[in-house]
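Residue-level listing of the chains:
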Amino acid sequence: MSDQRHMRINLNLRGVGFHTAAWRHPDSAPHRVHDLDYYVELVRAAERGLFDSVFLADMMTFPQSGSGQNELAWPLDPFTMLAGVAPHTEHIGLIGTLSTTYNDPYAVARKVAALDQLSGGRAGVNLVTSTGDEVARQFGWDRHTEHELRYERAGEFITVLNALWDAAGEPVEHHGNHFDVSGALDIAGSPQGRPVIVQAGASESGRALAGRFAEAVFAGSSDIPAGALLYDDLKARVVAGGRPSTDLAVLPGVVPYVGSTEAEARRVYGELEELILDDGGNIARLGQELGLDLGAADPDGPVPVDDFPAVEGYQGGVTRLVRLRAWALEEGVSLRRFANTVYRSLGVIHWTPVGTPEQIADELESWFRGGAADGFNVLVPQHTRQLDAFVDQVVPVLQRRGLFRTEYATTTLRDHLGITRPNLARAA
Ligand SMILES: Cc1cc2nc3c(=O)[nH]c(=O)nc-3n(C[C@H](O)[C@H](O)[C@H](O)COP(=O)(O)O)c2cc1C
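Note that the coordinates shown come from a computational prediction; the quantities given were computed from them, not determined experimentally. (Residues numbered from 1 in each chain as written. Predicted model: local features only at pLDDT ≥ 70, side-chain atom pairs only at ≥ 80, totals over all residues. Heavy atoms only, no water.)

Observations concerning helix H8 (residues 262–274)
Thinking step 1. A rise of 1.5 Å per residue sets the reference length of H8, with its 13 residues, at 18 Å; its end C-alpha atoms lie 18 Å apart and thus fit the reference within 8%.
Thinking step 2. Those residues of H8 that sit buried are Ala 265, Val 268 and Leu 272. Taken down its axis, H8 places every buried residue within 60 degrees of arc, on the same side. Of the exposed residues in H8, those oriented more than 90 degrees away from the buried face are Arg 266 and Glu 274.
Thinking step 3. Among the structural elements, strand S10 (257–258), strand S11 (354–355) and helix H13 (385–400) are those in contact with the buried residues of H8. (Helix = DSSP H or I, 4+ residues; strand = E, 2+ residues; numbered from the N terminus. Expected span 1.5 Å × (residues − 1). Buried < 20%, exposed > 50% of the residue type's maximum accessible area, 1.4 Å probe, protein only. Arc of directions from axis to C-beta. Contact = heavy atoms within 4.5 Å.)

Below you can see the structure in the form of structure tokens.
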């Protein structure tokens, strides 16, 4: 079994990387972002680093920022992409994102079970409730479903998924507020007992959902005290729900900039910052995200925090809204600087260390030992150079310190994470 004292490491895999200007860097390959071989190479690099898993996000929308900076971020449909990657990898977990708002649980149970079968028990699914009216209109709705209602639907959705997976081919009867499912899944049994369920929303309803069902959470915390608060809250909810606290892996996001010396790390960071096209596109994007008209706002003036929507009744991502407001108030920066920071490097939402492999490892160790993390969701600022730097330079330091595995001792995602197999209704 997996050693509980080891960190879990997930690669959050996105196009050319998470830095807004990564696509402009000469070492990046923006022309390959829809190329399966490119993803195979990246996932194999993560597997060389003995990562627990790789994760593909899915916002189901094409960002119309107008700045041209973010359009290269999105991969193709995650589960299709992961099915292509699976035969080229052996151990690494494969986690795709699916929306509980715009999908049907039977179809999702089947899709995830298929990846699980063909990867030998390495599938996980990040279940999100999605954000924004643009997505709603793609599916024939005028507006996105209200926050509480979409989380209620998500809870029932996951109940149905687990019932179908656990029934191992036997018929299921579910009749609830949102779904009526009568019948059996045509894929019986999972090599890992059940695919792994991941969650990433930190609003009250998101945490409640995680407490009931999640086996890993992708968290967004920018410092250890905030990370530890979220960590303790999530673990308490898991225990209150009758599961051991170790059955949830809390994985805060980290955007590491690695250099063999501190000066080189700063150069890597600086090089990417230099490439940002400051054409005001990020201010327009902020306005679009928060529903504000920022067309006449002074880019060098203060962030109009008072105009931000109230949390009460906000239908977008609540966690993100709270973080954005707090950061704007704490930092007191100009609107231009604020908008650029929000979209260029995710520095507002996730923690962004810049340093040598030892310095990055020190920080990871502090979060891990400080009760803020079971491991990390690594958001690489630029592929493939910075992924290689993490794998080849940071991972060996963690291994030398006994904080990370030196070989895969297990073959399924659930076992890598050390999450117990569910008690199946029908024991095999
Ligand atoms: C690391 C991370 C990855 C996420 N990936 C996705 C995603 O792929 N698709 C999506 O719609 N939302 C994604 N989200 C957003 C959340 O899952 C959630 O839907 C959103 O924060 C709104 O929920 P909340 O109001 O509970 O915060 C992600 C969040 C985090 C922190």
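Notes on the domain arrangement of the chain
Thinking step 1. Once the domains are mapped, the chain shows domain 1 (8–258 + 350–417) and domain 2 (262–344).
Thinking step 2. Computed over C-alpha atoms, the centres of domain 1 and domain 2 are 25 Å apart.
Thinking step 3. With 33 residues of domain 1 at the contact, the number on the domain 2 side is 25 residues.
Thinking step 4. Here domain 1 packs against domain 2, burying approximately 2400 Å² in sum over the two surfaces, 54% of which is carbon and sulfur.
Thinking step 5. At the junction of domain 1 and domain 2, the tally comes to one salt bridge. (Domains from an automatic or database assignment. Buried area = accessible area lost by both parts, 1.4 Å probe. Salt bridge = Lys/Arg side-chain N within 4 Å of Asp/Glu carboxyl O.)

Focus on the site of the ligand
Thinking step 1. The environment of the ligand is formed by 20 residues, the closest being Asp 58, His 147, Tyr 151, Ser 203 and Thr 319.
Thinking step 2. Measuring from an oxygen atom of the ligand, one finds a side-chain N or O atom of Ser 203 at 2.4 Å.
Thinking step 3. Backbone polar atom of Val 318 to an oxygen atom of the ligand: 2.9 Å apart, as the coordinates give it.
Thinking step 4. In isolation the ligand offers 620 Å² of accessible surface; the protein chains occlude 89% of this area.
Thinking step 5. Breaking the shell around the ligand down by element, the ones donating at least two residues are strand S4 (123–128), helix H5 (147–166) and helix H10 (318–331).
Thinking step 6. A class-by-class count of the residues in the shell around the ligand yields nine nonpolar, 10 polar and one charged.
Thinking step 7. Taken domain by domain, the shell around the ligand gets at least three of its residues from each of domain 1 (8–258 + 350–417) and domain 2 (262–344). (Near = heavy atom within 4 Å. Polar contact = N/O pair within 3.5 Å; in protein donor to acceptor, adjacent residues only side chain to side chain. Areas by Shrake-Rupley, 256 points an atom, 1.4 Å probe, with all protein chains shown as cover. Nonpolar A, V, L, I, M, F, W, Y, C, P; charged D, E, K, R; others polar.)

Description of unusual backbone geometry
Thinking step 1. A cis amide bond links His 383 to the next residue, Thr 384, at an omega of -5 degrees.
Thinking step 2. Mapped onto the elements, Thr 384 comes out in the loop between strand S12 (375–379) and H13.
Thinking step 3. Unusually for a residue other than glycine, Leu 50 sits at a positive phi of about 60 degrees.
Thinking step 4. Position of Leu 50 relative to the elements: it lies in the loop between helix H1 (36–48) and strand S2 (53–56).
Thinking step 5. Judged by its relative accessible area of 11%, Leu 50 is buried.
Thinking step 6. Positive phi values are uncommon outside glycine, yet Ala 168 reaches one of about 45 degrees.
Thinking step 7. A relative accessible area of 29% places Ala 168 in the partly exposed class.

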